[in-house]
Amino acid sequence: MITFEDVVKIYPGGGTAVDHLSMELPTGKMTVLVGPSGCGKTTSLRMINRMVEPTSGRVLIDGQDVSGQDEALLRRGIGYVIQHAGLFPHRTVLDNVATVPMLLGKTRREARTASLELLERVGLPTEFAKRYPAQLSGGQQQRVGVARALAADPPVMLMDEPFSAVDPVVRAQLHTEFLRLQQDLGKTIAMVTHDIDEAIKLGDYVAILRQGGVLAQFGTPQELLDAPADEFVASFVGRDRGLRSLSFDSAADVPVVPPASSADLILEGGRPIAWRTASGDRAIAGTFTKADSLRIVTDLAISSPVGIAVRVDDNGVCDGIVRHHDLVDYLMERRAS
Amino acid sequence: MNLSYLFDPANWDPSAAGGFPQLLLSHLWYVFLALLIGTVIALPIGLYIGHTGKGSFIAINAGNAGRSLPTLGLLMLMVTLLGLGLLPVLIALTVLVIPPILTSAYAGMRTLDRRVVDAAKGMGMRPWQVLTRVELPMALPVMMGGFRSAALQVVATATVAAAVGLGGLGRLLIDGLAVNDYSRVLAGAIVVAVLAVVLDLFLALVQRWVVSPGVSGRF
Ligand SMILES: Nc1ncnc2c1ncn2[C@@H]1O[C@H](COP(=O)(O)OP(=O)(O)OP(=O)(O)O)[C@@H](O)[C@H]1O
Ligand SMILES: [Mg+2]
């Protein structure tokens with residue numbers, strides 16, 4: 001657990017970068033710090049590994065005040081992914097990743113062997129090991145940056161806009177890979193981004209900071225979407241927050257009726273095939289399962305020509321349909337409760 | 001052009017006191033000493049100024065001052081103060097090599113990508129490790145550039161040693177002029193020029209060997 005206790009940072013000659021920040025980043029979870037440019041995200045992050053010293057207040061890791069600890073040793077125990085990767089240009093990819101294990105006293109061989117495994121883990125073919133950073137694309141560099149931070153298997157990771165320098169397609173891919181990785185590793189992660197969508201997608205918790213380094217709200221993504229603390233948070237999370245909040249709700253309990261209750265649905269061996277409409281049959285664009293989110297169900301219902309979302313079981317056999325007015329009633333009830 | 005002195009085998013006899021091998025050797029010895037002392041003095045200062053940003057005016061002005069100082073004049077002054085010997089020559093030559101080495105060490109450190117240095121600290125490197133494992137390897141091409149230009153200058157200028165009675169390839173120039181033996185003067189000039197080119201080629205090879213391909217771009 002990382003604890004901020006009434007932390008203030010005032011840069012000499014600058015304004016207040018972080019203003020009386022208190023929050024707890026839970027162990028094994030990913031907390032995303034998000035907010036407009038200059039609101040103190042990077043400053044807050046860097047106070048965790050003492051790259052920045054607070055003007056007042058304390059930062060603790062598992063109850064231990066970081067300010068009492070040896071800087072270098074503290075940092076070796078915390079993975080750090082900096083904005084734009086910051087790879088060492090004079091070292092090969094493999095030696096970049098091996099940096100911290102070697103600082104910790106591992107032999108070059110041991111460090112390299114472990115690093116090679118990590119490269120695969122972050123989705124880089126091992127033939128990249130011998131290359132230099134200048135020979136990699138932006139997305140590949142970011143992967144190496146993540147691998148380097150993971151190399152000594154630190155319990156805590158700090159990530160400063162680790163996915164910013166890549167195009168949206170690669171970013172989405174990195175997100176998916178990273179979520180899978182985090183599921184295995186269960187690190188305590190503090191990540192910075194200015195992209196609220198990224199925060200909501202990746203974070204177990206999200207801390208929204210406002211200009212002047214004030215914490216506007218701390219909570220799960222769904223809490224922020226459902227109950228923004230104020231006008232600033234509401235506008236920051238975006239106008240479609242109601243719809244986006246549905247992506248955190250399970251479709252398991254959505255009310256279904258038997259497939260036979262719709263005359264418009266054409267089945268073949270139990271599998272949904274097409275919609276019967278006035279202008280002829282239309283192929284079914286998509287179906288959902290119990291494991292999907294309510295957002296998927298809503299999307300299917302409003303994009304179907306007859307206003308029906310089709311549920312299938314694991315074998316692709318239709319086991320129920322959701323009519324859009326039933327869905328609306330269901331959503332209304334949930335909102336009320 | 002009269003190349004008879006240059007190609008006279010007697011002048012290439014390693015045991016001949018005024019022959020090319022011995023003059024070359026003493027010449028290289030002055031060059032080596034001046035570069036060594038100059039580096040020992042200028043490199044730490046340049047690195048310190050570049051690393052901390054404190055006193056950068058020294059680094060910038062050293063370059064200009066060094067270029068405008070006449071080595072021969074300085075040598076005569078030193079001889080007047082200290083008498084004849086190796087010391088005044090070394091002082092004059094060292095003063096010559098300090099500016100390029102200091103300025104390039106400073107520039108090498110200043111032009112580093114600070115984000116990479118920041119990453120090094122963030123990984124838990126101690127200041128000394130940051131300097132030796134990250135800053136120096138990255139600044140090496142610029143620093144080698146300064147060292148090479150210092151070496152070139154001092155190879156040419158070490159000929160002044162002969163003006164105050166010492167050896168080195170300058171002997172050929174001074175003695176040749178004294179007896180109007182232009183073939184000897186020409187030989188001296190050619191050997192100095194060839195030495196400069198060979199030395200620079202050698203240093204270029206060293207540079208290639210010590211600078212990481214990731215920095216030089218020669219993958
Ligand atoms: N070393 C410094 N000296 C003085 N002021 C600084 C320093 N670093 C940051 N600041 C100021 O502190 C404030 C917060 O900076 P910080 O880098 O934490 O913002 P950020 O939220 O990470 O912004 P961005 O999204 O643009 O990266 C800014 O106003 C910035 O100008
Ligand atoms: Mg930042």
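Residues numbered from 1 in each chain as written. Chains lettered and ligands numbered in written order. Predicted model: local features only at pLDDT ≥ 70, side-chain atom pairs only at ≥ 80, totals over all residues. Heavy atoms only, no water.

## Some words on the overall build of chain A
Then step 1. When its secondary structure is counted, chain A shows 13 helices and 15 strands.
Then step 2. Principal axes of the C-alpha set define a box for chain A whose edges measure 70 × 50 × 30 Å.
Then step 3. For chain A, the residues scored as buried account for 49% of the 337 residues in total.
Then step 4. Nonlocal contacts in chain A, meaning residues at least 24 apart in sequence, comprise 63% of its contacts between residues at least 6 apart.
Then step 5. As displayed, chain A has an accessible area near 15,200 Å², and 50% of this comes from carbon and sulfur atoms.
Then step 6. Positive and negative side-chain charges in chain A, numbering 35 and 42 respectively, have mean positions lying 6 Å apart. (Helix = DSSP H or I, 4+ residues; strand = E, 2+ residues; numbered from the N terminus. Buried < 20%, exposed > 50% of the residue type's maximum accessible area, 1.4 Å probe, protein only. Contact = heavy atoms within 4.5 Å. Areas by Shrake-Rupley, 256 points an atom, 1.4 Å probe, with all protein chains shown as cover. Lys, Arg positive; Asp, Glu negative; His and termini not counted. Charge placed at Lys NZ, Arg CZ, Asp CG, Glu CD.)

## Side note on the overall build of chain B
Then step 1. Check the secondary structure of chain B and you find ten helices and zero strands.
Then step 2. Starting at the N terminus and ending at the C terminus, chain B contains elements arranged as α-α-α-α-α-α-α-α-α-α.
Then step 3. By its C-alpha atoms, chain B is 65 × 45 × 25 Å across when sized along the principal axes.
Then step 4. A separation of at least 24 residues holds for 71% of the contacts in chain B among residues at least 6 apart in sequence.

## Describing the UniProt feature "domain: ABC transmembrane type-1" (unreviewed entry) in chain B
Then step 1. In the UniProt entry, the feature "domain: ABC transmembrane type-1" (unreviewed entry) is given for residues 24-203 of chain B.
Then step 2. Helix and strand shares over residues 24-203 of chain B are 83% and 0% respectively, and the end C-alpha atoms of the span are 18 Å apart. (UniProt positions renumbered as here; feature names shortened; annotations may be inferred.)

## A look at the site of ligand 1
Residue and element names in this part refer to chain A.
Then step 1. Taken together, the residues surrounding ligand 1 are Tyr-11, Ala-17, Ser-37, Gly-38, Cys-39, Gly-40, Lys-41, Thr-42, Thr-43 and Glu-161.
Then step 2. Between an oxygen atom of ligand 1 and a main-chain N or O atom of Cys-39, the distance comes to 3.2 Å.
Then step 3. Here an oxygen atom of ligand 1 sits 3.0 Å away from a polar atom, N or O, in the main chain of Gly-40.
Then step 4. Protein coverage of the free-state accessible area of ligand 1, which is 640 Å², stands at 58%.
Then step 5. With three residues, the single largest contributor to the shell around ligand 1 is helix α1 (residues 41-48).
Then step 6. Across the shell around ligand 1, the residue classes break down as three nonpolar, five polar and two charged. (Near = heavy atom within 4 Å. Polar contact = N/O pair within 3.5 Å; in protein donor to acceptor, adjacent residues only side chain to side chain. Nonpolar A, V, L, I, M, F, W, Y, C, P; charged D, E, K, R; others polar.)

## Some remarks on the side chain of Gln-129 of chain B
Then step 1. Within the secondary structure layout, Gln-129 of chain B lies in helix α7 (residues 127-157).
Then step 2. Among the residues examined, Gln-129 of chain B registers a relative accessible area of 16% and is labelled buried.

## Quick word on helix α6 (residues 114-122) of chain B
Then step 1. Taken together, the buried positions of α6 of chain B are occupied by Val-116, Val-117, Asp-118, Ala-119, Ala-120 and Gly-122 of chain B.
Then step 2. Buried residues along α6 of chain B sit against α1, α2 (71-76), β6 (78-81) and α6 (138-150) of chain A together with α7 of chain B.
Then step 3. Between the side-chain oxygen of the N-cap and the backbone nitrogen of Arg-115 of chain B there are 3.0 Å, and the N-cap of α6 of chain B in question is Asp-113 of chain B.
Then step 4. Just past α6 of chain B, the residue Gly-124 of chain B takes up positive phi, approximately 100°.

## A short note on the pattern of salt bridges
Pairing is possible between side chains that carry opposite charge, provided their charged atoms lie close to one another.
Then step 1. Considering all chains together, one arrives at 23 salt bridges over all chains under this definition.
Then step 2. With a shortest N-O distance of 3.0 Å, Asp-70 of chain A and Arg-126 of chain B are connected by a salt bridge. Taken together, the positions of Asp-70 of chain A in the loop between β5 (64-65) and α2 and Arg-126 of chain B in the loop between α6 and α7 put the pair across two chains.
Then step 3. For Asp-70 of chain A, a relative accessible area of 34% translates into the label partly exposed.
Then step 4. The network of salt bridges with common partners includes Arg-50, Glu-53, Glu-71 and Arg-75 of chain A. (Salt bridge = Lys/Arg side-chain N within 4 Å of Asp/Glu carboxyl O.)

## Examining the domain arrangement of chain A
Then step 1. According to the domain assignment, chain A consists of domain 1 (2-241) and domain 2 (259-336).
Then step 2. If you average the C-alpha positions of domain 1 of chain A and of domain 2 of chain A, the two centres end up 40 Å apart. (Domains from an automatic or database assignment.)

## Let's talk about the interface of chain A and chain B
The parts lose accessible area when they come together, and the size of an interface is often stated as this lost area.
Then step 1. The partner chain B presents 21 residues to the 24 residues of chain A that form the contact.
Then step 2. Across the chain A/chain B interface, buried area totals approximately 2,000 Å², and carbon plus sulfur atoms make up 64% of it.
Then step 3. Contact with chain B buries surface across chain A, with Phe-88, His-90 and Leu-103 of chain A losing the most and accounting together for 26% of the total.
Then step 4. Counting across the chain A and chain B interface gives two salt bridges.
Then step 5. Close ionic contact of Arg-46 of chain A with Asp-118 of chain B constitutes a salt bridge, the shortest N to O distance being 2.7 Å. (Buried area = accessible area lost by both parts, 1.4 Å probe.)

## Examining unusual backbone geometry
For residues besides glycine, phi is generally negative; the peptide bonds are generally trans as well.
All names here are of chain A.
Then step 1. The backbone of Asp-62 shows a phi angle near 50°, a positive value even though the residue is not glycine.
Then step 2. Tracing the backbone shows Asp-62 in the loop between β4 (56-61) and β5.
Then step 3. You will see that Asp-153, though not glycine, has its phi angle at about 50°, which is positive.
Then step 4. Of note, Asp-153 is situated in the loop between α6 and β7 (156-160).

## With respect to the UniProt feature "domain: ABC transporter" (unreviewed entry) in chain A
Then step 1. With numbering aligned to this structure, UniProt lists the feature "domain: ABC transporter" (unreviewed entry) at residues 2-237 of chain A.
Then step 2. Strand forms 25% of residues 2-237 of chain A and helix 38%; the C-alpha atoms that close the span are 25 Å apart.

## What about the environment of Leu-152 of chain B?
Residue and element names in this part refer to chain B.
Then step 1. Take Leu-152: it is sitting in helix α7.
Then step 2. Taking the relative accessible area as the measure of exposure, Leu-152 reaches 34% and is therefore partly exposed.
Then step 3. Spatially, the C-alpha atoms of Leu-152 and Val-31 are 9.5 Å apart, while their sequence positions differ by 121 residues.
Then step 4. With residues near it in sequence (within four places) discarded, Leu-152 still touches Ala-196 and Asp-200.

## A few points about the sheet that holds strand β12 (residues 271-277) of chain A
Residues and elements named next belong to chain A.
Then step 1. Read across the open sheet, the three strands follow the order β11-β12-β13; overall the sheet is antiparallel. Of all strands in the sheet, those bounded by a partner on one side alone are β11 (265-268) and β13 (280-283). Each strand axis lies, on average, 35° off the axis of its neighbour in the sheet, ignoring direction.
Then step 2. Note: β11 against β12, four bridges, orientation antiparallel. (Pairing = 2+ DSSP bridges. Axes fitted to C-alpha atoms, helices over the stretch in contact; angles between N-to-C directions.)

## Some remarks on the pairing of strand β1 (residues 2-10) of chain A
Residue and element names in this part refer to chain A.
Then step 1. Across five bridges, β1 lies against β4 in antiparallel orientation. Residue pairing across strands places Thr-3 opposite Leu-60, the latter belonging to β4.
Then step 2. Both β1 and strand β2 (residues 16-25) contribute to a ladder of six bridges, which runs antiparallel. By the bridge assignment, Ile-10 is partnered in β2 with Thr-16.
Then step 3. Following β1, the chain reverses through five residues before pairing antiparallel with β2; Gly-13 in that reversal takes a positive phi of roughly 75°.

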